Amino acid sequence: MLDILKRPEKKLFKEPIVAYTYGPVVESVFKEYRTHGRDNIQQVEDHVFEILVEEMAVTPSFMRIASSKHGLAAIDSILVVLDKYIDYKPFELVKLTHKSGGPWSQVYEEYMNNTIEDSVIEQYHDVIED
């Protein structure tokens, strides 16, 4: 995912990432899904597209991402993150995002929803990757 952050012309989200109580969020995504609380989000796709050349079926959500300006890079980033974190429980993810010195902890102030700048995320990951 960081590879996409290092290319400023390619971003996963148009909106900033902000520091909420339980971790970093994109506010519009949070607001759309917050009614689910701690329950699983059951999203039913309304159509399936069949791409006969590859003989695979994809959902409308996948097509929206894939057909976006930097869709293939976004899909690659999403798949890397899912592969790495899919088996984590919610509060294991909270613990990771709240790590001392991490991007969230650098900007979080209760009730403030401060923006976590891409540069803060990049700097942090440059340090831990060295």
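Residues numbered from 1 in each chain as written. Predicted model: local features only at pLDDT ≥ 70, side-chain atom pairs only at ≥ 80, totals over all residues. Heavy atoms only, no water.

Engineer: An account of the overall build of the protein chain is requested, with residue identities and associated values reported.
Structural biologist: A tally of helices and strands in the protein chain yields seven helices and five strands. Reading the secondary structure of the protein chain in the N-to-C direction produces α-β-β-α-β-β-α-α-α-α-β-α. The proportion of buried residues among the 130 residues of the protein chain is 22%. If you take every contact in the protein chain between residues at least 6 apart in sequence, the share linking residues at least 24 apart comes to 46%. (Helix = DSSP H or I, 4+ residues; strand = E, 2+ residues; numbered from the N terminus. Buried < 20%, exposed > 50% of the residue type's maximum accessible area, 1.4 Å probe, protein only. Contact = heavy atoms within 4.5 Å.)

Engineer: How would you sum up the environment of Val29? Please name residues and give values.
Structural biologist: Assignment of secondary structure puts Val29 in helix H2 (residues 27-33). It is 9.8 Å that separates the C-alpha atoms of Val29 and Glu15, two residues lying 14 residues apart in sequence.

Engineer: Break down the packing of aromatic side chains for me, citing the residues and quoting the values.
Structural biologist: Inspection of the entire model under this criterion finds four aromatic pairs. Residues Tyr22 and Phe91 carry aromatic rings whose centres are separated by 5.9 Å and whose planes lie at 85° to one another, so their mutual orientation is edge-to-face. One end of the pair, Tyr22, is in the loop between strand S1 (17-20) and strand S2 (23-26); the other, Phe91, is in helix H5 (residues 90-97), with 69 residues separating them in the sequence. No difference in accessibility class separates Tyr22 from Phe91, as the two residues are exposed. (Phe/Tyr/Trp six-rings, centres within 6.5 Å; stacked < 30°, edge-to-face > 60°.)

Engineer: How would you sum up the side chain of Asn114? Please name residues and give values.
Structural biologist: Relative to the helices and strands, Asn114 resides in the loop between helix H6 (103-107) and strand S5 (115-116). A distance of 2.7 Å separates the side chain of Asn114 from the backbone oxygen of Val107, its partner in a polar contact. (Polar contact = N/O pair within 3.5 Å; in protein donor to acceptor, adjacent residues only side chain to side chain.)

Engineer: Give a detailed account of a nonpolar patch on the surface, specifying residues and quantitative values.
Structural biologist: A surface patch of nonpolar side chains, about 430 Å² in accessible area, is lined by Ile65, Ile78, Leu79, Leu82 and Ile86. Among the elements that line the nonpolar patch, the one with the most residues is helix H4 (residues 71-85), at three residues. Mapped onto the fold, Ile86 is located in the loop between H4 and H5. (Patch = residues over 30% accessible without salt bridge, like charges linked within 9 Å, V, L, I, M, F, W, Y side chains within 5 Å. Areas by Shrake-Rupley, 256 points an atom, 1.4 Å probe, with all protein chains shown as cover. Salt bridge = Lys/Arg side-chain N within 4 Å of Asp/Glu carboxyl O.)

Engineer: Residues and numbers for H4, please.
Structural biologist: When the terminal C-alpha atoms of H4 are compared, their 21 Å separation across 15 residues agrees well with the 21 Å that a helix rising 1.5 Å per residue should span. Within H4, the full set of buried residues consists of Gly71, Ala73, Ala74, Ile75 and Ser77. (Expected span 1.5 Å × (residues − 1).)

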